[in-house]
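Listed below, chain by chain, are the residues.
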Amino acid sequence: MTKHKELQLWVKKMANMCQPDKIVWIDGSEEEKQRLEQEAFATGELIELNQEKLPGCVYHRTAINDVARTEHLTYICTKTKKEAGPTNNWMSPREAYKKAGDIFKGSMKGRTMYVIPFSMGPVGSEFSKIGIELTDSIYVVLNMRIMTRIGRSVLEVLRTDGEFTKCLHGKADLDEKKRLILHFPQDNTIWSVGSGYGGNVLLGKKCLSLRIASYLAKEEGWFAEHMLIMGIEEPNGHIEYIAAAFPSACGKTNLAMLIPPEGLKSKGYRIWTVGDDIAWMRIDSDGSLWAINPETGFFGVAPGTNSKTNPNAMATIKKNTIYTNVLLTPEKTVWWEDGDGPIPQEGIDWTGKPWKPGMLDKEGKPVLGANSNSRFTAPIKQCPTASFRIDQHHGVPISAILFGGRRAHLAPLVYESFNWQHGVFVGATMASERTAAQYGKQGEVRRDPMAMLPFCGYNMAKYFAHWLKLGKKMVKPPKIFHVNWFRRDENENMLWPGFGENLRILEWILDRCNNKVDAVKTPIGYIPDPKDIDMTGLELPASSVEKLFFVNKDNWIKELQSQKEFLKIFGKDLPQELLSEWQALKNRLEKS
Ligand code: OXD
Ligand code: MN
């Protein structure tokens, strides 16, 4: 299928190592999809769902020990440890190739190796990058088909000598002790072995579009970020786009598909979803920042998704969707906790065992029908709010960048940074508190700069420097804001309803970008005068509004210490500008 010598040689070399029975080049056709599905139905890798109720949908279970990204088995394999930085696991390339090579050796005997040419970003766009993934999993092929642009057209653009990321994935024997997710940014290579879970094996996603791409972005002068992209259309038809970074499980998918609240309906806003997870952004010839979503699908968390929290997601996943680790009902439909009711009276749970509501485990805890990280993979074009600019090669212009996290008692609902440099400091010190759903101590603060802690493919201190450098190159850089939808009162009650109501805050943010409203200066940044937030149709007690915007000096002084401890880990590599910002924040707080 290709005359690309380097590609042919590499496929041959990898096949010699893995020893598959067969090599199949993926062309991306509909006929091929159907053939692969039939094969997977026959082996049990996939189950066909009820085609009347869920046309084009299939079901998959991963191994029980393989249900989430494994950060402790994820490595950045640069020549030196310093290049990977203090926040990444590091392994030398030589050791990494040897260790994983021993696991890959002969691991595809009796299996087929699929060769998937894929493009992250529109095929042929200057924004885009090409990868070739070798995998022994049909599930991976079918997911990549939704999440990326694959097949013949990609090889055509690659021609005979184009650059590509070499992505090798093998399930091996799905043994946790022999699982490694390895990134070699200097070789433009990814090796993932021993896992079948999406985040570890759909190599175009976190591995290429964030870890490898962030490294390439630093070399080439652009941004690869863990951000949603959405457009907000005003009644006059003008659309402004924002990009937003929140740590995993803070509602990026919900925000990207927001439905305007009743009270603002009469204003006629319309939301356009460009992406829910990854943004590649470049400074264009007009001196401003433009973004594309390199993906073409959503790999979203099922539990908690329902017609109230995210009606657009529910509409998106009604057809042509791959469901992973949810509950399978007797009529071959799917269900998950906090999904749409009614609760099925029986089913097969995500581990493959019979399930009934109310079942308890040995410790007396409810047995979940769906794994808490169960997923849907669905094409973005099926989303009712899908942007018409998804395939445009230049993407969309970005007016504002939002950072955020869960901070029960610290950050106000929204604040604006004073300038780009201060905004980079706000992103670099971003953090989120663990919820009961996450492993670790509840309430514990996890620093997650720009939501990139698990995804930055090189030393994060250099990543901060890169942000500072690109800020200087823009004629009109986007304004940077921090939002916190999760603030609580002294009795731990949530103060803000979130979801569609967040549009009220986006409206203020865009007004600030267009110099339409003033703001109140505080030591941490600009906050809204509450009268500038349109609260039509939302009954919030005045005391809640006050608490939502309150800058608690004592809590912020404590925060300063925690920020300092975090920044210290970068040692001398930390850009001086960030230390100056920290000192300036301290001075402002002490004077206030
Ligand atoms: C994701 C994540 O799956 O950030 O998108 O973990
Ligand atoms: Mn993510």
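Residues numbered from 1 in each chain as written. Chains lettered and ligands numbered in written order. Predicted model: local features only at pLDDT ≥ 70, side-chain atom pairs only at ≥ 80, totals over all residues. Heavy atoms only, no water.

J.: In this structure, what is going on with the overall build of the protein? I would like to understand it.
T.: Looking only at helices and strands, one finds 17 helices and 30 strands in the protein. Its C-alpha atoms put the protein at 70 × 55 × 50 Å along the principal axes. Counting all 592 residues of the protein, 60% fall into the buried class. Here the analysis covers contacts within the protein between residues at least 6 apart in sequence; of these, 73% occur between residues at least 24 apart. As displayed, the protein has an accessible area near 24,300 Å², and 52% of this comes from carbon and sulfur atoms. Put simply, the protein has 77 plus and 70 minus side-chain charges, and the middle of one group is 5 Å from the middle of the other. (Helix = DSSP H or I, 4+ residues; strand = E, 2+ residues; numbered from the N terminus. Buried < 20%, exposed > 50% of the residue type's maximum accessible area, 1.4 Å probe, protein only. Contact = heavy atoms within 4.5 Å. Areas by Shrake-Rupley, 256 points an atom, 1.4 Å probe, with all protein chains shown as cover. Lys, Arg positive; Asp, Glu negative; His and termini not counted. Charge placed at Lys NZ, Arg CZ, Asp CG, Glu CD.)

J.: Just checking my understanding: could you explain the coordination of the manganese ion (ligand 2) for this structure?
T.: Geometrically, a metal with four donors at the corners of a regular tetrahedron has ideal angles of 109.5 degrees, and one with six donors at the corners of a regular octahedron has ideal angles of 90 or 180 degrees. Looking at the manganese ion (ligand 2), one finds its protein donor set to be Lys206 (NZ), His226 (NE2) and Asp277 (OD), positioned 2.1 to 2.2 Å from the metal centre. Every donor residue of the manganese ion (ligand 2) comes from the same chain, spaced as K-x19-H-x50-D. Of this pair, lysine 206 sits in helix 8 (residues 204–220) while histidine 226 sits in the loop between strand 11 (223–225) and strand 12 (228–233), placing them 20 residues apart in sequence. On the basis of relative accessible area, lysine 206 is assigned to the buried category, the value being 7%. (Donors = N, O, S within 2.8 Å, 3.2 Å for Na, K, Ca; no water.)

J.: Would you take a moment to explain the packing of helix 16 (residues 553–568) against helix 17 (residues 576–591) for this structure?
T.: Axes are the key here: two packed helices are described by the angle between their axes and the distance separating the axes. Contact geometry for helix 16 and helix 17: axes closest at 10 Å, N-to-C directions at 165 degrees. Judged on the interaxial angle alone, helix 17 and helix 16 are roughly antiparallel. For helix 16 against helix 17, the interelement crossing comes out left-handed. Mapping the contact onto sequence places Lys553, Trp556, Ile557, Leu560, Gln563, Lys564 and Leu567 in helix 16 and Trp582, Leu585, Lys586, Leu589 and Glu590 in helix 17. When grouped by side-chain class, the residues that make up the contact of helix 16 with helix 17 number seven nonpolar, one polar and four charged. (Axes fitted to C-alpha atoms, helices over the stretch in contact; angles between N-to-C directions. Parallel < 35°, antiparallel > 145°, perpendicular 65-115°, else oblique. Left-handed = near helix turned anticlockwise from the far one by under 90°. Nonpolar A, V, L, I, M, F, W, Y, C, P; charged D, E, K, R; others polar.)

J.: Would you mind showing me how to read the sheet that holds strand 17 (residues 297–301) here?
T.: Backbone hydrogen bonds hold the strands of a sheet together, and the pairing may be parallel or antiparallel. Strands sit in the order 2-3-18-23-17 across an open sheet of five strands; the sheet is mixed. Of all strands in the sheet, those with a lone pairing partner are strand 2 (47–48) and strand 17, marking the two edges. The strands that helix 5 (residues 138–147) touches are strand 3 (58–60), strand 17, strand 18 (322–324) and strand 23 (375–379); relative to strand 17, the one it contacts most, it runs at about 115 degrees. (Pairing = 2+ DSSP bridges.)

J.: Can you help me understand helix 5 in this one?
T.: Because each turn of an α-helix spans 3.6 residues, side chains separated by three or four positions end up pointing in the same direction. Taking burial as the measure, the ten residues of helix 5 include nine buried ones, the bulk of the element. Here helix 5 has its buried residues at Ile138, Tyr139, Val140, Val141, Leu142, Asn143, Met144, Ile146 and Met147. The backbone nitrogen of tyrosine 139 has a side-chain oxygen 3.3 Å away, supplied by the residue at the start of helix 5, namely serine 137. (Polar contact = N/O pair within 3.5 Å; in protein donor to acceptor, adjacent residues only side chain to side chain.)

J.: Just checking my understanding: could you explain the nonpolar core for this structure?
T.: Counting 135 residues, the largest nonpolar core has Met281, Ile401, Trp467, Leu506 and Ile509 as its most contacted members. Counting the residues that make up this core, at least three belong to each of domain 1 (5–44 + 72–220) and domain 2 (225–296 + 390–591). Contact partners of tryptophan 467, with chain neighbours within four places excluded, come to Phe223, Glu225, Met227, Ile401, Phe403, Trp420, Val424, Met450 and Ile480. Leu7, Met14, Cys77 and Phe184 belong to the second largest nonpolar core, which has 31 residues in total. (Core = buried A, V, L, I, M, F, W, Y, C linked by side-chain atoms within 4.5 Å. Domains from an automatic or database assignment.)

J.: Where do I start with the pattern of salt bridges in this structure?
T.: Any two side chains of opposite charge can pair, so long as their charged atoms come close to each other. Per the stated rule, a full pass over the model turns up 39 salt bridges. With its nearest N and O atoms 2.9 Å apart, the salt bridge here joins glutamate 71 to arginine 446. Of this pair, glutamate 71 sits in the loop between strand 3 and strand 4 (74–76) while arginine 446 is found in strand 27 (residues 445–447), placing the two residues 375 residues apart along the sequence. When its relative accessible area of 32% is taken as the criterion, glutamate 71 is described as partly exposed. Judged by its relative accessible area of 27%, arginine 446 falls in the partly exposed class. Close ionic contact of aspartate 277 with lysine 205 constitutes a salt bridge, the shortest N to O distance being 2.9 Å. Highlighted residues: aspartate 277 in the loop between strand 14 (270–275) and strand 15 (279–283) and lysine 205 in helix 8, separated in sequence by 72 residues. Assessed through its relative accessible area of 9%, aspartate 277 is described here as buried. Look at lysine 205 and you get buried, because its relative accessible area is 6%. (Salt bridge = Lys/Arg side-chain N within 4 Å of Asp/Glu carboxyl O.)

J.: Help me understand unusual backbone geometry, please; the structure alone is not making it clear to me.
T.: Trans is the prevailing form of peptide bonds, just as negative phi is the prevailing case for residues other than glycine. Note that the residue after glycine 341, namely proline 342, is joined by a cis bond; omega there is -10 degrees. Looking at the element boundaries, proline 342 is found in the loop between strand 20 (334–335) and strand 21 (347–348). Phi at leucine 174 is positive, roughly 55 degrees, even though this residue is not glycine. One non-glycine residue with positive phi stands out, namely asparagine 325, at about 65 degrees.

J.: What should I look at first to understand the environment of proline 449 in this one?
T.: Residue placement: proline 449 occurs in the loop between strand 27 and helix 13 (460–473). In the structure, proline 449 is positioned 203 residues away from phenylalanine 246 in sequence and 9.5 Å away in space, judged by C-alpha atoms.

J.: Looking at this structure, I do not really get the site of ligand 1. What am I missing?
T.: Close to ligand 1 lie Arg69, Lys206, His226, Ser248, Asp277, Arg375 and Phe455. Separating an oxygen atom of ligand 1 from a side-chain N or O atom of serine 248 is a distance of 2.6 Å. At a separation of 3.1 Å, an oxygen atom of ligand 1 approaches a polar side-chain atom of arginine 375. Burial of ligand 1 by the protein chains amounts to 86% of its free accessible area of 200 Å². (Near = heavy atom within 4 Å.)

J.: Could you clarify how one ought to interpret the domain arrangement of the protein in this entry?
T.: One widely used convention gives an interface's size as the accessible area the parts lose upon coming together. Split by domain assignment, the protein resolves into domain 1 (5–44 + 72–220), domain 2 (225–296 + 390–591) and domain 3 (297–382). The gap between the C-alpha centroids of domain 1 and domain 3 is 28 Å. Taken residue by residue, the interface counts ten residues in domain 1 and eleven residues in domain 3. Approximately 840 Å² of surface area, both sides summed, lies buried where domain 1 meets domain 3, with 66% of it carried by carbon and sulfur atoms. Three residues, Ile146, Met147 and Tyr197, lead the burial of domain 1 against domain 3; their summed loss comes to 58% of the area buried on that side. Applying the counting criterion to the domain 1 and domain 3 interface returns zero salt bridges. At the boundary of domain 1 with domain 3, the tally comes to four residue pairs in polar contact (both at pLDDT 80 or more). Looking at the side of domain 1 that touches domain 3, the elements that each hand over two or more residues are helix 5 and helix 7 (198–201). (Buried area = accessible area lost by both parts, 1.4 Å probe.)

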